[in-house]
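# A look at the structure
Residue-level listing of the chains:
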Amino acid sequence: MNRTFDIAVVGAGAAGIAAAVTAARSGCATILLDERSAAGGTGGFSGLTTLCGLYDEEGNFLNEGFSREFAGALADHSNETRSTATNFQAHSLNVVKMGRVLVLRYQQEAFRAAAADLLGSTPHLKTSWSTPLAGVDVEASRIVRLNGFDVGAVIDCSGSAQVAGAIGEECLKTDETTQSPAILFLLLNVQHSFTTPAATAQVLLPLARAGFPPLSFQSDLLQDRVTVKFTGRPDQVKDVIAFLQKNISGFENCHSPQSEFKPTQRSGRMIIGRYLLTGQDVLSAGKFPDAVARCAWPIEQWGADGTASFRYLAAGTHYEIPARSLQSRQVPNLFMAGKTISADTDAIGSARVMGCCLATGEAAAVLAANFLDKKFHG
Ligand SMILES: Cc1cc2nc3c(=O)[nH]c(=O)nc-3n(C[C@H](O)[C@H](O)[C@H](O)COP(=O)(O)OP(=O)(O)OC[C@H]3O[C@@H](n4cnc5c(N)ncnc54)[C@H](O)[C@@H]3O)c2cc1C
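Note that this is a predicted model, so its numbers are computed, not measured.

## Focus: the packing of helix 6 (residues 197-209) against helix 7 (residues 237-247)
Contact geometry of helix 6 with helix 7 gives a least axis separation of 11 Å together with a crossing angle of 120 degrees. One finds that helix 6 runs oblique with respect to helix 7. Crossing of helix 6 over helix 7 shows right-handed handedness. Facing helix 6, whose interface residues are Val 203, Pro 206 and Leu 207, helix 7 presents Val 240, Phe 243 and Leu 244. In terms of residue class, the contact of helix 6 with helix 7 is built from 6 nonpolar, no polar and no charged.

See below:
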């Protein structure tokens, strides 16, 4: 007989980690599967160093619950000393201002370790790694089986609406003219600081003069490590590294621990759910009676030439994400979280940041658990 899970979560990035832990904590037998070998998704594996979307402008958490818990777990795994500043409820020395918004700096090893700890210590939760989505069966407009398991509800946290796509739900494709993918790679042994624009220009100008496609550098919590965001082709990465080693002081002994350089999608594919969150909702700080998460991150747009534009909400405001944006229109036991929620290209340019993914992951799990509770208890 097939094993039964109340809830199956597909994808173990920020959204899936939050969804799986929350679902299992609510007493639902939960399975979390991912084609990767461990939990972390983009936040844990791509070399990112900033968790965005957690805080309002004053450093208060926009969403309590799992987002706050995960930020705390990250701090614990970074051996960080917490700040005691009273007006700064984030309580973290790694919270820094980036433009007009606050971000939490982290190490990707800490992200993976925090995820592994939270998942490993949660009862009722089974994880299945190196497990691609392999089949979804629908009967009478309900998902009844996923990868051969009988399931009561499914949360699609795949970042690219894999479950929704597999069952023919209507989806929006990402717009690569405004959400252009980038290759993210780590460089170790870098003896160059990127703390001032002048220091950054010392590296960027020679690369631009040599004709390389645009790139940017993001310093890490570890002194000699940086993440590079590169808009060129994968086969150009080794030339970039060789150029840096040969021509830029402080990069002589740098190297990347990665063997593969693949473009990372900024936004994947979004399902069209019961409500399509729009860019207008974001910029007008939209509020909803069925709100389940808050976000104040600007709409980011990234062109193929590496240029970025940021459209901010009015100071001190945030928008809400309604439950309907996490719910399928056709299939009542399918929920979405993270960058696969029902949002247009503009809205997802804001709502895809990881702080928001953590919040929608938690919310989708509550919705799925409530759905099952209603189904079984009236
Ligand atoms: C270049 C770039 C820079 C960014 N910078 C930042 C930043 O600085 N700060 C920030 O907060 N956000 C940033 N983001 C956005 C953020 O990283 C993502 O939007 C967020 O991590 C998405 O989380 P998620 O859980 O929805 O999906 P993901 O983290 O993408 O997780 C999806 C998971 O699903 C799994 N999966 C996919 N398909 C299948 C399948 N068929 N079967 C099984 N498993 C599957 C994947 O392996 C993956 O682990 C950036 C994104 C990019 C691309």
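## Section: the packing of aromatic side chains
Counted under the stated rule, the structure contains 14 aromatic pairs. Ring centres of Phe 194 and Phe 251 lie 6.3 Å apart, and the angle between their planes is 75 degrees; on these two criteria the pair is classed as edge-to-face. Linking Phe 194 in the loop between strand 11 (182-187) and helix 6 with Phe 251 in the loop between helix 7 and strand 14 (263-264), this pair joins segments that are 57 residues apart in sequence. With centroids separated by 6.5 Å and ring planes inclined at 25 degrees, the aromatic side chains of Phe 310 and Tyr 312 adopt a geometry described as stacked. What makes Phe 310 partly exposed here is its relative accessible area of 37%. Its relative accessible area of 28% is what places Tyr 312 among the partly exposed residues. Each member of the aromatic cluster is reached from another via a ring pair, and the members are Phe 66, Phe 70, Tyr 106 and Phe 111. When the ring centre of Tyr 312 is taken as origin, the NZ or CZ atom of Arg 100, which lies over that ring, is 4.3 Å away.

## Quick word on the pairing of strand 19 (residues 319-322)
Side chains of strand 19 alternate between two faces, with Tyr 319 and Ile 321 and Glu 320 and Pro 322 buried alike. Across 4 bridges, the pairing between strand 16 (residues 291-295) and strand 19 is antiparallel. Bridging from a neighbouring strand, Ala 291 pairs with Pro 322 of strand 19.

Conventions we followed
- Residues numbered from 1 in each chain as written.
- Predicted model: local features only at pLDDT ≥ 70, side-chain atom pairs only at ≥ 80, totals over all residues.
- Heavy atoms only, no water.
- Axes fitted to C-alpha atoms, helices over the stretch in contact; angles between N-to-C directions.
- Helix = DSSP H or I, 4+ residues; strand = E, 2+ residues; numbered from the N terminus.
- Parallel < 35°, antiparallel > 145°, perpendicular 65-115°, else oblique.
- Left-handed = near helix turned anticlockwise from the far one by under 90°.
- Contact = heavy atoms within 4.5 Å.
- Nonpolar A, V, L, I, M, F, W, Y, C, P; charged D, E, K, R; others polar.
- Phe/Tyr/Trp six-rings, centres within 6.5 Å; stacked < 30°, edge-to-face > 60°.
- Buried < 20%, exposed > 50% of the residue type's maximum accessible area, 1.4 Å probe, protein only.
- Lys NZ or Arg CZ within 6 Å of the ring centre and 35° of its normal.
- Pairing = 2+ DSSP bridges.

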